[in-house]
Amino acid sequence: MAGAVESRLAELGLTLPAVVPPLASYQPAVQSGVYVYTSGQLPMVDGKLAVTGKVGAEVTPDEAKELAKTCALNALAAVKSVAGDLDRIKRVVKVVGFVASASDFTGQPAVVNGASELLGEVLGDKGVHARSAVGVAVLPLDAPVEVEVQVELVEA
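Remember, predicted model here, so these are calculated numbers, not experimental data.

**Q** Could you give an account of the overall build of the chain, with specific residues and numbers?
**A** Within the chain one finds three helices and seven strands. When the helices and strands of the chain are read in sequence order from the N terminus, they spell out α-β-β-β-β-α-β-α-β-β. Taking 2.2 N^0.38 as the reference for a compact globule, 156 residues should give roughly 15 Å; the C-alpha atoms of the chain span a radius of gyration of 15 Å, in line with that estimate. A buried classification covers 43% of the 156 residues belonging to the chain. Carbon and sulfur atoms make up 52% of the accessible area of the chain, which amounts to about 7500 Å² in all. Mean positive and mean negative side-chain charge positions of the chain (12 and 18 charges, respectively) differ by 5 Å.

**Q** Explain the pattern of salt bridges residue by residue, including any values.
**A** Applying the stated criterion across every chain, the model contains five salt bridges. The shortest N-O distance in the salt bridge between R8 and E11 comes to 3.0 Å. Note that R8 and E11 are positioned in helix α1 (residues 4-11) at a spacing of three residues, about one turn of the helix. On the accessibility criterion, E11 (61% relative accessible area) is exposed. With a closest N to O distance of 3.1 Å, K65 and E117 form a salt bridge.

**Q** Can you explain the packing of aromatic side chains? Please cite residues and give values.
**A** Enumeration according to the criterion identifies one aromatic pair in this entry. Between the aromatic rings of Y35 and Y37, the centroid separation amounts to 6.5 Å while the plane-to-plane angle is 40°, which identifies the pairing as tilted.

**Q** Provide a residue-level description of the packing of helix α2 (residues 61-83) against helix α3 (residues 108-123), including the pertinent values.
**A** In the contact formed by α2 and α3, the axes pass within 7 Å of each other and the chain directions differ by 45°. Considering the angle they form, α2 stands oblique to α3. In terms of crossing hand, the pair formed by α2 and α3 is right-handed. Residues P61, A64, K65, A68, K69, A72, L73 and L76 of α2 touch α3, and the partners they reach there are A110, V111, V112, N113, G114, A115, E117, L118, L119 and V122. Grouping the constituent residues of the contact of α2 with α3 by class yields 13 nonpolar, two polar and three charged.

Conventions used here
Residues numbered from 1 in each chain as written. Predicted model: local features only at pLDDT ≥ 70, side-chain atom pairs only at ≥ 80, totals over all residues. Heavy atoms only, no water. Helix = DSSP H or I, 4+ residues; strand = E, 2+ residues; numbered from the N terminus. Rg over C-alpha atoms; globule rule 2.2 N^0.38 Å. Buried < 20%, exposed > 50% of the residue type's maximum accessible area, 1.4 Å probe, protein only. Areas by Shrake-Rupley, 256 points an atom, 1.4 Å probe, with all protein chains shown as cover. Lys, Arg positive; Asp, Glu negative; His and termini not counted. Charge placed at Lys NZ, Arg CZ, Asp CG, Glu CD. Salt bridge = Lys/Arg side-chain N within 4 Å of Asp/Glu carboxyl O. Phe/Tyr/Trp six-rings, centres within 6.5 Å; stacked < 30°, edge-to-face > 60°. Axes fitted to C-alpha atoms, helices over the stretch in contact; angles between N-to-C directions. Parallel < 35°, antiparallel > 145°, perpendicular 65-115°, else oblique. Left-handed = near helix turned anticlockwise from the far one by under 90°. Contact = heavy atoms within 4.5 Å. Nonpolar A, V, L, I, M, F, W, Y, C, P; charged D, E, K, R; others polar.

In short, shape yes, function no, at least from these values alone.
Structural data, given as structure tokens:
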């Protein structure tokens, strides 16, 4: 039976994806005490990137914002893989978004809003977080966006 968080995802027309397998030597998420730290999540859907390239060049800011939303969904799947239940999320503590940017693109915060807004829609006040949005030259697999999330859990 789905918990409240997964029911909310369904209300929004979203499905929690399978955890994206690591591309190298790391875990998708680790738990330390009551905190879960995700690795950077790419906007993978069914094992592949739908879009590649730099934001502000090959990828529009609006496309990138949607991709950041996909990254956040993948991060929630990674959190669930170690926490067991998304209803254990007490709050999202921090989100870090990386945006592969054309040299003159400065709209990284608006792109990473895709992840932040999704977390707010799904988790309500528990989704309010601190955040960094960073422009970078290139990301793994030529992904336009990568997002990592840190959450605090209710003790089991």
